Amino acid sequence: MESIVRTEGLSKKYGSKQNEFYAISNINMEVKQGEFVAIVGKSGSGKSTLLHLLGGLDRPTSGKVYLNGKDIYGMKEDDLAIYRRRKIGFIFQAFNLVSSINVWENMVLPLGLDGKQVDETYMKEIIETLGLESKIHSLPNTLSGGQQQRVAIGRALSTKPDVILADEPTGNLDTKTSDEVISLLKLSAKKYGQTIIMITHDEDIAQIADRRLVIEDGKVVRE
Ligand SMILES: Nc1ncnc2c1ncn2[C@@H]1O[C@H](COP(=O)(O)OP(=O)(O)OP(=O)(O)O)[C@@H](O)[C@H]1O
Ligand SMILES: [Mg+2]
């Protein structure tokens, strides 16, 4: 299997002078295409910082991130933005939905930004699995937290991204919905050859991943 995400000596320093510390420290990791990797570790260990770096949302202090063999921080800012939109689906705990447009419009928004056609069959399948059929015309602020999270997941999947980066995506969901959402992500990943890198505190989810990376003080301490 090809490696889709790879880092070399990846580090991120925060603070200055005596407050300075490394949130991410010399991480060398590799994720193969189609893998489902769970990132686990204590609060403050650097999980979100790492995920942001992998997705081109931040800049490393030193080191490199390769996506599909491309050195993403060697790209121009505008090119990186386009690359990110096409290749990566982000799912965060704060869903960042656009409040003035409905659920359907939110989900297909990334496609519109890229001038791409909506795959109606695919979107319908996602919406059904996410249990949002009755909500597609609703505005985000009329939905529960868990429903909003499901919309954010649908939005991340709409572009059929190569890599799905998820930061505690089921943190706001009950166990049953959480299980369904994870199943959907796995199914989608399998069907479209997608790679999932997911931060989770949920031991059950970490168990069904292909591999677990344990982060401690900004380092990968166990695989
Ligand atoms: N923008 C920032 N400026 C300064 N320090 C930061 C910044 N972002 C994160 N940190 C610090 O870097 C460390 C790692 O933070 P990070 O958010 O990656 O942790 P985490 O593992 O995701 O934790 P959690 O499980 O609570 O979400 C923490 O000590 C945090 O306070
Ligand atoms: Mg975090």
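Below is a short write-up of the structure.

What counts and how
- Residues numbered from 1 in each chain as written.
- Chains lettered and ligands numbered in written order.
- Predicted model: local features only at pLDDT ≥ 70, side-chain atom pairs only at ≥ 80, totals over all residues.
- Heavy atoms only, no water.
- Helix = DSSP H or I, 4+ residues; strand = E, 2+ residues; numbered from the N terminus.
- Rg over C-alpha atoms; globule rule 2.2 N^0.38 Å.
- Areas by Shrake-Rupley, 256 points an atom, 1.4 Å probe, with all protein chains shown as cover.
- Lys, Arg positive; Asp, Glu negative; His and termini not counted.
- Charge placed at Lys NZ, Arg CZ, Asp CG, Glu CD.
- Near = heavy atom within 4 Å.
- Polar contact = N/O pair within 3.5 Å; in protein donor to acceptor, adjacent residues only side chain to side chain.
- Nonpolar A, V, L, I, M, F, W, Y, C, P; charged D, E, K, R; others polar.
- Phe/Tyr/Trp six-rings, centres within 6.5 Å; stacked < 30°, edge-to-face > 60°.
- Buried < 20%, exposed > 50% of the residue type's maximum accessible area, 1.4 Å probe, protein only.
- Pairing = 2+ DSSP bridges.
- Core = buried A, V, L, I, M, F, W, Y, C linked by side-chain atoms within 4.5 Å.
- Contact = heavy atoms within 4.5 Å.

A short note on the overall build of the protein chain
- Of regular secondary structure, the protein chain possesses 7 helices and 11 strands.
- Taken over C-alpha atoms, the radius of gyration comes to 17 Å for the protein chain, in line with the 17 Å a tight globule of 223 residues would show.
- Overall, the protein chain is about 50 × 40 × 35 Å in size when its C-alpha atoms are taken along their principal axes.
- If you sum the accessible surface of the protein chain, you get close to 11000 Å²; carbon and sulfur atoms cover 47% of it.
- One finds the centroid of the 29 positive side-chain charges in the protein chain at a distance of 4 Å from the centroid of its 30 negative side-chain charges.

As for the site of ligand 1
- Looking at ligand 1, the residues that line it are Tyr14, Phe21, Ala23, Lys42, Ser43, Gly44, Ser45, Gly46, Lys47, Ser48, Thr49 and His201.
- For ligand 1, an oxygen atom lies 2.6 Å from a polar atom in the side chain of threonine 49.
- Protein contact buries 56% of the 640 Å² of open area that ligand 1 shows by itself.
- For the shell around ligand 1, the secondary structure elements donating two or more residues are strand E2 (21-27) and helix H1 (47-54).
- The element contributing the most residues to the shell around ligand 1 is H1, with 3 residues.
- For the shell around ligand 1, a count of residues per class yields 3 nonpolar, 7 polar and 2 charged.

Regarding the packing of aromatic side chains
- Taken as a whole and judged by the stated rule, the model has 3 aromatic pairs.
- Ring centres 5.5 Å apart and planes at 15° place the aromatic pair phenylalanine 90 and phenylalanine 92 in the stacked group. The pair formed by phenylalanine 90 and phenylalanine 92 is uniform in burial state, with each residue classed as buried.
- Measuring from centroid to centroid gives 4.9 Å for tyrosine 122 and tyrosine 192, while their planes differ by 80°, and the two rings are edge-to-face. A residue pair is termed long-range when its members are at least 10 positions apart, and tyrosine 122 in helix H4 (residues 120-129) and tyrosine 192 in helix H6 (residues 175-192) qualify at 70 residues.
- Judged by relative accessible area, tyrosine 122 falls into the buried class, the value being 3%.

Some thoughts on the pairing of strand E10 (residues 211-216)
- In this structure, strand E4 (residues 36-40) lies alongside E10, joined through 4 bridges in parallel fashion. Paired with alanine 38 across the bridge in E10 is arginine 212.
- Pairing of E10 with strand E11 (residues 219-222), which is carried by 3 bridges, proceeds in the antiparallel orientation. Bridge pairing in E11 places valine 214 opposite arginine 222.
- Taken together, E10 and the strand that follows it, E11, pair antiparallel across an intervening segment of 2 residues, in which aspartate 217 is found at a positive phi of about 45°.

Description of the nonpolar core
- Counting 36 residues, the largest nonpolar core has Ile153, Leu157, Leu185 and Met198 as the members making the most contacts within it.
- Put simply, the parts of the chain that give this core at least two residues each are E4, helix H3 (103-113), H4, helix H5 (145-158), strand E8 (163-167), H6, strand E9 (195-199) and helix H7 (203-208).
- Apart from the residues within four sequence positions on either side, isoleucine 153 is in contact with Ile91, Leu130, Pro169, Val181, Leu184 and Leu185.
- By size, the runner-up hydrophobic cluster in this structure holds 29 residues, among which are Leu51, Leu67, Tyr83 and Val163.

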